[in-house]
Amino acid sequence: MLMNFVAVCMDQITNHAAKLRFMSGGQTHVPMVIRTMTGSGFQTGGQHSDFLEAWFCHTPGIKVAMPSNPADAYGLLRGAIDDDDPVLFVEHFPSYWNPGPAPQRGQAIPLGQARVARRGKDVTLIGYSRAMLDIAIVAERLSKEGVDCEVIDLRTVSPLDMDTVLNSVRRTGRAVIVHEAVRSFGVGAELAARI
């Protein structure tokens with residue numbers, strides 16, 4: 001249910017499900033989707049709203065998908081189900097009530113493929129999950145001030161689609177990373193280091 005509760009089964013996820021493909025020489029896969037939710041904004045306890053995606057990004061063999069809208073939630077979930085490896089599918093609980101484009105029925109989104117949500121030339125705004133709602137508002141406000149933002153929705157934080165990120169940042173020359181997780185040792189820090 002809540003992402004914090006994955007701590008109860010970390011051994012099974014990181015030491016068994018994620019590693020079995022490597023330990024079996026590629027002969028055994030664990031096609032498993034662990035669906036969980038998190039997010040601030042509902043006045044839940046301290047053990048109910050952490051973004052812990054970086055824990056899993058540190059583990060080879062597991063993929064981490066974090067959709068920002070209904071269409072991507074559907075498509076990424078289809079992609080996760082089709083994947084031979086374990087996938088942690090993290091939904092932002094407060095975003096359940098945010099409207100968005102309808103998904104294309106039956107269409108999977110490949111894991112590890114970011115989406116350029118808005119084309120721009122002055123600065124690249126990079127995020128995932130709930131942060132994309134804030135980024136869209138900021139990009140619109142900045143456009144009225146003459147700043148043309150390119151917006152990248154990572155959709156999957158492990159693996160990271162660094163080609164899309166780096167191609168954008170090369171063009172704009174600037175990057176702003178937005179996420180709801182802790183600052184140190186997280187996805188944002190990894191993006192900043194790679195850029």
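Everything below is about the structure printed above this text.
Participant: Would you mind going over the overall build of the chain with me for this structure?
Facilitator: Each helix and strand in the chain was counted, giving seven helices and eight strands. Considering only C-alpha atoms, the chain reaches an extent of 55 × 40 × 40 Å along its principal axes. Evaluated residue by residue, the chain yields a buried proportion of 44% over its 195 residues. Across the chain, every contact between residues at least 6 apart in sequence was considered, and the portion connecting residues at least 24 apart equals 81%. For the chain, the computed accessible surface area is about 10,300 Å², with 54% contributed by carbon and sulfur atoms. Side-chain charges in the chain split into 19 positive and 20 negative, and the spacing between the mean points of these groups amounts to 4 Å.

Participant: In this structure, what is going on with the state of the cysteines? I would like to understand it.
Facilitator: In protein chemistry, a disulfide is the covalent bond that joins the sulfur atoms of two cysteines. Going through the model one piece at a time under the given rule, you end up with zero disulfides. Its sulfur unpaired, Cys 9 is 16 Å from the next cysteine sulfur, which belongs to Cys 57. By relative accessible area, Cys 9 is classed as partly exposed at 30%.

Participant: Just checking my understanding: could you explain the sheet that holds strand β2 (residues 63–65) for this structure?
Facilitator: Where strands meet in a sheet, backbone hydrogen bonds hold them as pairs that are either parallel or antiparallel. Pairing is mixed in the open sheet, where four strands are placed in the order β1-β3-β2-β7. Across the chains shown, the open sheet's two edge strands, defined by having one partner strand only, are β1 (33–38) and β7 (156–158). When strand polarity is set aside, the average angle formed by the axes of neighbouring strands in this sheet is 25°. Inspection of the sheet shows β2 paired to β7 by two bridges, in the antiparallel sense. Paired with Val 64 across the bridge in β7 is Ser 158. Contacts from helix α4 (residues 70–82) reach β1, β3 (87–92) and β7 within the one sheet, and its direction differs from that of β3 by about 165°.

Participant: Help me understand helix α1 (residues 10–17), please; the structure alone is not making it clear to me.
Facilitator: Residues of α1 that are buried include every one of Met 10, Ile 13, Thr 14 and Ala 17, and no others. One side of α1 holds all its buried residues, which, seen down the axis, span an arc of 130°. Along its buried surface, α1 packs onto α2 (20–23), β1 and α3 (53–57).

Participant: Teacher, can you tell me more about the nonpolar core here?
Facilitator: Side chains of nonpolar character tend, in soluble globular proteins, to be buried together. Counting residues in each nonpolar core, the largest one holds 27 residues, and the members touching the most others are Phe 56, Leu 88, Leu 154, Val 165 and Leu 191. Counting residues per element, the ones that place at least two in this core are α1, β3, α6 (162–172) and α7 (187–194). If one sorts the elements of this core by residue count, α6 sits on top with three residues. Not counting residues within four places of it along the chain, the set of residues in contact with Leu 154 comprises Gln 113, Ala 114, Ile 126, Gly 127, Tyr 128, Leu 160, Val 165 and Leu 191.

Participant: Sorry if this is basic, but what is going on with the pairing of strand β5 (residues 123–127) here?
Facilitator: Within a regular strand, side chains alternate between the sheet's two faces. With five of five residues buried, β5 lies mostly within the body of the structure. A two-sided burial pattern is seen for β5, the buried positions comprising Val 123, Leu 125 and Gly 127 on one face and Thr 124 and Ile 126 on the other. In the sheet, β5 pairs with strand β6 (residues 149–153) via five bridges, with the strands oriented parallel. Across the sheet, the residue bridging to Ile 126 is Ile 152, located in β6. With three bridges joining them, β5 and strand β8 (residues 175–177) adopt parallel strand pairing. Within β8, the position partnered with Thr 124 by the bridge is Ala 175.

Participant: Sorry, what's going on with the side chain of Arg 155 here?
Facilitator: Locating Arg 155 in the fold gives a position in the loop between β6 and β7. The buried category is assigned to Arg 155, whose relative accessible area is 7%. A distance of 3.0 Å separates a polar side-chain atom of Arg 155 from the backbone oxygen of Gln 113. Those residues in contact with Arg 155 that lie beyond four places of it in its chain are Ala 65, Met 66, Pro 67, Asp 72, Leu 76, Ile 109, Gln 113, Ala 114, Arg 115 and Tyr 128.

Participant: For this particular structure, what's the right way to read the sheet that holds strand β4 (residues 115–118)?
Facilitator: Pairing is mixed across the open sheet formed by four strands, whose spatial order is β4-β6-β5-β8. The open sheet terminates on both sides in strands that have one partner only, identified here as β4 and β8. For this sheet the average axis-to-axis angle between neighbouring strands, irrespective of direction, equals 25°. Judged from the three bridges that link them, β4 and β6 form a sheet pairing that is antiparallel. In the sheet register, Val 116 faces β6, and the bridge partner there is Ile 152.

About the thresholds
Residues numbered from 1 in each chain as written. Predicted model: local features only at pLDDT ≥ 70, side-chain atom pairs only at ≥ 80, totals over all residues. Heavy atoms only, no water. Helix = DSSP H or I, 4+ residues; strand = E, 2+ residues; numbered from the N terminus. Buried < 20%, exposed > 50% of the residue type's maximum accessible area, 1.4 Å probe, protein only. Contact = heavy atoms within 4.5 Å. Areas by Shrake-Rupley, 256 points an atom, 1.4 Å probe, with all protein chains shown as cover. Lys, Arg positive; Asp, Glu negative; His and termini not counted. Charge placed at Lys NZ, Arg CZ, Asp CG, Glu CD. Disulfide = S-S within 2.5 Å. Pairing = 2+ DSSP bridges. Axes fitted to C-alpha atoms, helices over the stretch in contact; angles between N-to-C directions. Arc of directions from axis to C-beta. Core = buried A, V, L, I, M, F, W, Y, C linked by side-chain atoms within 4.5 Å. Polar contact = N/O pair within 3.5 Å; in protein donor to acceptor, adjacent residues only side chain to side chain.

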